[in-house]
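Chain by chain, the residues:
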Amino acid sequence: MLAPACAILATSEHTGGVDLLEELRKLIVRHAVGQRGHSRELLDGVQVSRVDAPTELSAGVAQPSVAIVASGVKLTLLNGVAYEYSAGQFLVTSLDLPVIGQALKASPDEPFAVVSIRLDPLEIAPLLLETPARPPQYGGMVVSDATPDLLDPVVRLLRIADRPDDVRVLGAGIRREILWRLLLGDQGALVQQIGLADGMLAHISDAIGWIRRHHNEPILVAELAEVAGMSVSTFHRHFLAATSMTPIQFQKQLRLQEARVLLRTQPLTAAEVAYQVGYTSPAHFTRTYHKAFGRTPAEDRTP
């Protein structure tokens, strides 16, 4: 994980000397009008978000994507590991991962503004034939500084986002350029792995999909290894390398996130939620929940 960097004042001949990062911030703010604190899907697989004040920690499942910050600061926690990224930086997420996040720095004048672009293996794969070979890189999340070469096509994509004809004719090419810049950049080895149909991340992704569908059921690592097409020892090692947690820890994170949603949206007792997400002991559920969120299930329960 890289330490937070200063905002990049990136310029290029394509923008006529205009600060790319500042233009990106303005475009995100313009497209996210009325979306304070919420993401808006601007195009298929492209979301913009604007937050005008620091937020509390909230749980969710991050999907394979690149999130480029134009202003403000975000903190994402993956199994207790902190990833802090700010203006001029981006976060690559390689798998579906249970995370907790919050906007650390945001104000009406300087909001947390971010654009997130889905990393689709089917879009990455055709580019791999043209990409220089690199040693494999694994990991669930990584933070890097955004270069002008990456910011430029991202800005151009947001410029045309509200012009359907331009999106239809130019959008696919600009998205391809964004992926190409990622593949050539510091985290290109990790992005390459996302695009490999028979790569390690693809097999771990299959196992993660199984856990998500069966998160409230007991799991056996041997069964997950079979789903991933690996031996138990190989699967366990690769799963830990890719997600920073064991399969059991991964399932626990999913259960706790599902429990928090149920407590806040459904008229259920803490014990009922515990059993629904797969816990056999409400007392154990309460202790685990409090350790994860700093609040008891009863305190999080909607009256």
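(A) Quick look at the sheet that holds strand 3 (residues 58–62). The strand order 3-8-5-6 describes an open sheet built from four strands, whose pairing is antiparallel. Only two strands of the sheet have a single partner each, and these edge strands are strand 3 and strand 6 (81–86). Going from strand to strand, the sheet's axes swing by 35 degrees on average, the running direction of each strand aside. For strand 3 and strand 8 (residues 97–105), the ladder comprises five bridges, and the chain directions are antiparallel. In the sheet register, Val61 faces strand 8, and the bridge partner there is Pro98.

(B) Unusual backbone geometry, seen in detail. Although it is not a glycine, Asn79 adopts a positive phi angle of roughly 55 degrees. Topologically, Asn79 is positioned in the loop between strand 5 (73–78) and strand 6. Residue Asn79 is classed as partly exposed on the basis of its relative accessible area of 29%.

(C) Region of interest: the sheet that holds strand 9 (residues 112–118). Reading across from one edge, 1-2-9-4-7-10 is the order of the six strands in this open sheet, with antiparallel pairing throughout. The open sheet terminates on both sides in strands that have one partner only, identified here as strand 1 (39–43) and strand 10 (141–145). Strand-to-strand twist in this sheet, taken as the mean axis angle between neighbours without regard to direction, amounts to 25 degrees. Bridge analysis of strand 4 (residues 65–71) against strand 7 (residues 89–93) gives four bridges, and the strand direction is antiparallel.

(D) Representation of the pattern of salt bridges in the model. The full count for this structure, using the stated rule, is 14 salt bridges. Residues Glu123 and Arg175 are paired through a salt bridge, measuring 3.8 Å at the closest nitrogen-oxygen approach. Remark: Arg175 occurs in helix 4 (residues 164–184) and Glu123 occurs in helix 2 (residues 121–124); sequence separation between them is 52 residues. On the basis of relative accessible area, Glu123 is assigned to the partly exposed category, the value being 31%.

(E) Structural view of the environment of Ala197. Secondary-structure assignment places Ala197 in the loop between helix 5 (188–195) and helix 6 (200–213). Taking the relative accessible area as the measure of exposure, Ala197 reaches 75% and is therefore exposed. Taking the C-alpha atoms as reference, Ala197 lies 7.4 Å from Pro121; in sequence the two are 76 residues apart.

(F) How the structure looks around helix 7 (residues 221–228). Where helix 7 is concerned, the buried positions are Leu224, Ala225 and Ala228. End-on view of helix 7: buried residues confined to an arc of 105 degrees, all on one side of the axis. Contacts from the buried residues of helix 7 go to helix 6, helix 8 (232–243) and helix 9 (247–265). Positioned one or two residues after helix 7, Gly229 has a phi angle of 70 degrees, which is positive.

(G) Quick look at the packing of aromatic side chains. The final tally for this structure, using the stated rule, is five aromatic pairs. The rings of Tyr279, Phe285, Tyr289 and Phe293 are connected pair by pair, giving a single aromatic cluster. Positioned above the aromatic ring of Tyr279 is the side chain of Arg255, whose terminal nitrogen or guanidinium carbon lies 5.8 Å from the ring centre. Lying over the aromatic face of Phe293, Arg260 brings its terminal NZ or CZ to 4.2 Å of the ring centre.

(H) Helix 3 (residues 148–159), seen in detail. Counted at 1.5 Å a residue, the expected span for helix 3 with its 12 residues is 16 Å, and the 16 Å between its end C-alpha atoms agrees. All of the buried residues in helix 3 are Leu150, Leu151, Asp152, Pro153, Val154, Val155, Leu157 and Leu158.

(I) Molecular detail of the pairing of strand 6. As defined by bridge partners, strand 5 adjoins strand 6 across six bridges and the pair is classed as antiparallel. Residue pairing across strands places Val73 opposite Ser86, the latter belonging to strand 6. In textbook terms, the turn of a hairpin is the stretch between consecutive antiparallel strands, and for strand 5 and strand 6 this stretch comprises two residues, one of which, Asn79, has a positive phi near 55 degrees.

(J) Region of the structure containing the side chain of Thr93. Looking at the element boundaries, Thr93 is found in strand 7. Among the residues examined, Thr93 registers a relative accessible area of 2% and is labelled buried.

(K) Geometry of the packing of helix 6 against helix 7. Following both chains from N to C, one finds helix 6 and helix 7 inclined at 130 degrees, their axes separated by 8 Å at the closest point. Taken together, helix 6 and helix 7 sit at an angle that is classed as oblique. Judged by the twist between their axes, the crossing of helix 6 over helix 7 is right-handed. Judged by residue contacts, His203, Asp206, Ala207, Trp210 and Ile211 of helix 6 engage Glu223, Leu224, Val227 and Ala228 from helix 7. Broken down by class, the residue content of the contact of helix 6 with helix 7 amounts to six nonpolar, one polar and two charged.

Basis of the calculations
- Residues numbered from 1 in each chain as written.
- Predicted model: local features only at pLDDT ≥ 70, side-chain atom pairs only at ≥ 80, totals over all residues.
- Heavy atoms only, no water.
- Pairing = 2+ DSSP bridges.
- Helix = DSSP H or I, 4+ residues; strand = E, 2+ residues; numbered from the N terminus.
- Axes fitted to C-alpha atoms, helices over the stretch in contact; angles between N-to-C directions.
- Buried < 20%, exposed > 50% of the residue type's maximum accessible area, 1.4 Å probe, protein only.
- Salt bridge = Lys/Arg side-chain N within 4 Å of Asp/Glu carboxyl O.
- Arc of directions from axis to C-beta.
- Contact = heavy atoms within 4.5 Å.
- Phe/Tyr/Trp six-rings, centres within 6.5 Å; stacked < 30°, edge-to-face > 60°.
- Lys NZ or Arg CZ within 6 Å of the ring centre and 35° of its normal.
- Expected span 1.5 Å × (residues − 1).
- Parallel < 35°, antiparallel > 145°, perpendicular 65-115°, else oblique.
- Left-handed = near helix turned anticlockwise from the far one by under 90°.
- Nonpolar A, V, L, I, M, F, W, Y, C, P; charged D, E, K, R; others polar.

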